[in-house]
Amino acid sequence: MKIRLKEKKIIQFLIIIIIIIFLHYIKVLAPVESLISQLLSPIFKQLYSAGLYLNSAYYKQADKRNLGSLVENLESQINFLTSENTKLKLLGEENKELREYLNFLEKNRFFYIMGNIISYGELNRPKEERGVITIDRGEKEGVKKGFAVINKEGVIVGKIIGAKDHIATACLITNPNCKIAAALLGKNKTIGVAEGESGLTVKIQFIPQTDNISAGDTVITSGLGEEIPSGLVLGKVVKINNASNELWQTAIVMPQADFNNLTIVSILIPAN
Amino acid sequence: MYGRIIFNIILIIFLTALQLAFINNLPGALSGLNLILIFLLFILILGNLEIALWWAVGAGIILDIFSFSIFGFFLITFCLMIFAANFLLVNFFTNRSLYSFCILATIVIFFYEFILNFIRYLTSFLGGSSFALILNFAFWKTKASELILNLLLVFILFYLVNFITNSLKPVFLIKGE
């Protein structure tokens, strides 16, 4: 009797799951999903900021171990002073960031949407592919797949790979699944496709041996895709693999953007 | 009754938000913690199958809303995981010791990873991630470190629950004089 009751409950749950999935695909659940994502985005943003603070504090601490006691004393003094002005500083930084965004975007006449990062990485992706961010702006705000995502300096940080009503996800340029057409600064020709490597750097493969590249060259977006404008800085070439017996060259690029301090980003929308 | 439901909903929201926005952003191996999976397991053990399934549905829906993979992925995975854990709990791990908890958690994590990667590789034919990742040593190293970290969480939660309640303490029947 008890087993039958249990089986009945299991079947009930299976039916509930099937109904939920069915309602999602026929878009009946869309308003509820939009509402949930809008309501939860502020909570996600706060928790993301806390995680980011811990993350940068950890790396700061790791760097600090390499310095002497003098630096440690200075650091503690700075920390003391910083904590005293936290609220004011946070407001000031946010204000500055917003002003910088406006300057960059007005100068370059891009249409843009600004958004907060609400989470980093997806739970069902392996660590190597976790270089994705979720932004609290979606299709209803004009965000579409393929659009470029930039930071406050106008440096490209990634590309939109999916958008829902009020949220969108972007792959960071260091993600192996993120591919962007790249060119060298001063040359209009596309040299290849930039793709992330190990979540740390960017690699450009299949560059013809005839192309002259050297360490220190600035890599920019080529504008080959309709959605991403040309001229957005990707980073600088740090290494070139161009063995004479190889058909192609490979360039390793160090990204210009600092991914450890990203909280606000802009999504560029093509003028047309 | 309603107060309990609301309390559970708030907890589910907080837990999923903590997992997605906070834990995923932590440095190093800490980002590999799967708080939801471990909590679901504890809810199944301390509560019952029905509560655990409601939790799985709630957490699954929120994760699916914020995820950009196939809708229903977390919903189905978590529910399957609960069914599997319940089967093991009823038939094999009847004593509620730390050892049985750890073994159960390990099996559940393996099961979860299997479903996760199985679906990933199915979608890889449609232009998703590469199948070759499974052949990479770093992949297995990461999975091992994640497993150790999650077992550490099980260890901490087990003693925490033991400290707060008597649910996990063994009961001995003493024959009366």
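Residues numbered from 1 in each chain as written. Chains lettered and ligands numbered in written order. Predicted model: local features only at pLDDT ≥ 70, side-chain atom pairs only at ≥ 80, totals over all residues.

What follows deals with the interface of chain B and chain A. Contact residues are listed per partner, giving 36 residues for chain B and 39 residues for chain A. Counting only elements with at least two residues in the side of chain B that touches chain A, the list comes to α1 (2-22), α3 (49-66), α4 (73-91) and α6 (137-164) of chain B. If you tally residues by element for the side of chain B that touches chain A, the top one is α3 of chain B, at nine residues. (Contact = placed C-beta atoms within 7 Å. Helix = DSSP H or I, 4+ residues; strand = E, 2+ residues; numbered from the N terminus.)

Here we come to the environment of phenylalanine 13 of chain A. Relative to the elements of secondary structure, phenylalanine 13 of chain A occurs in helix α1 (residues 2-25). Not counting residues within four places of it along the chain, the set of residues in contact with phenylalanine 13 of chain A comprises Leu53 and Cys79 of chain B.

Right, let's get into α1 of chain B. End to end, α1 of chain B covers 29 Å across 21 residues, agreeing with the expected 30 Å (1.5 Å per residue, within 8%). Inspection of α1 of chain B places Ile12, Thr16, Ala17, Gln19, Leu20, Ala21 and Phe22 of chain B among the buried residues, and these make up the whole buried set. (Expected span 1.5 Å × (residues − 1). Buried ≥ 20, exposed ≤ 12 C-beta atoms within 10 Å, placed from the backbone.)

Our next topic: the domain arrangement of chain A. All names here are of chain A. You can read the domains of chain A as domain 1 (33-172 + 260-269) and domain 2 (179-256). Contact residues are listed per partner, giving 13 residues for domain 1 and 13 residues for domain 2. Breaking the side of domain 1 that touches domain 2 down by element, the ones donating at least two residues are β3 (148-150) and β4 (156-163). Residue composition of the side of domain 1 that touches domain 2, grouped by class: eight nonpolar, three polar and two charged. (Domains from an automatic or database assignment. Nonpolar A, V, L, I, M, F, W, Y, C, P; charged D, E, K, R; others polar.)

With that settled, consider the sheet that holds strand β12 (residues 264-269) of chain A. Residue and element names in this part refer to chain A. In spatial order, the strands read β1-β2-β5-β4-β3-β12; together these six strands close into a barrel with antiparallel pairing. Averaged over all pairs of adjacent strands, the angle between strand axes in this sheet comes to 45°, irrespective of strand direction. Pairing analysis gives five bridges linking β4 to strand β5 (residues 168-172), with the strands arranged antiparallel. When the sheet's bridge partners are listed, glycine 158 is paired in β5 with leucine 172. (Pairing = 2+ DSSP bridges. Axes fitted to C-alpha atoms, helices over the stretch in contact; angles between N-to-C directions.)

Glancing now at the nonpolar core. In terms of nonpolar packing, the biggest core is built from 92 residues, with Leu40, Leu41, Ala56 and Ile82 of chain B touching the most fellow members. Residues from two domains meet in this core; each of domain 1 (33-172 + 260-269) and domain 2 (179-256) of chain A gives at least three. Apart from residues no more than four positions distant in its own chain, leucine 40 of chain B is found in contact with Ala52, Trp55, Ala56, Phe78, Met81 and Ile82 of chain B. (Core = buried A, V, L, I, M, F, W, Y, C linked by C-beta atoms within 7 Å.)

To continue, consider the packing of α3 of chain B against α4 of chain B. Residues and elements named next belong to chain B. The interhelical angle for the contact between α3 and α4, taken along N-to-C directions, is 160°, at an axis separation of 7 Å. On the basis of the axis angle, α3 is roughly antiparallel to α4. Crossing geometry of α3 relative to α4 is assigned as right-handed. Along its contact with α3, which presents Leu49, Ala52, Leu53, Ala56, Val57, Ala59, Gly60, Ile61, Leu63 and Asp64, the element α4 presents Phe73, Phe74, Leu75, Phe78, Cys79, Ile82 and Asn86. Looking at the contact of α3 with α4, its residues break down into 14 nonpolar, two polar and one charged. (Parallel < 35°, antiparallel > 145°, perpendicular 65-115°, else oblique. Left-handed = near helix turned anticlockwise from the far one by under 90°.)

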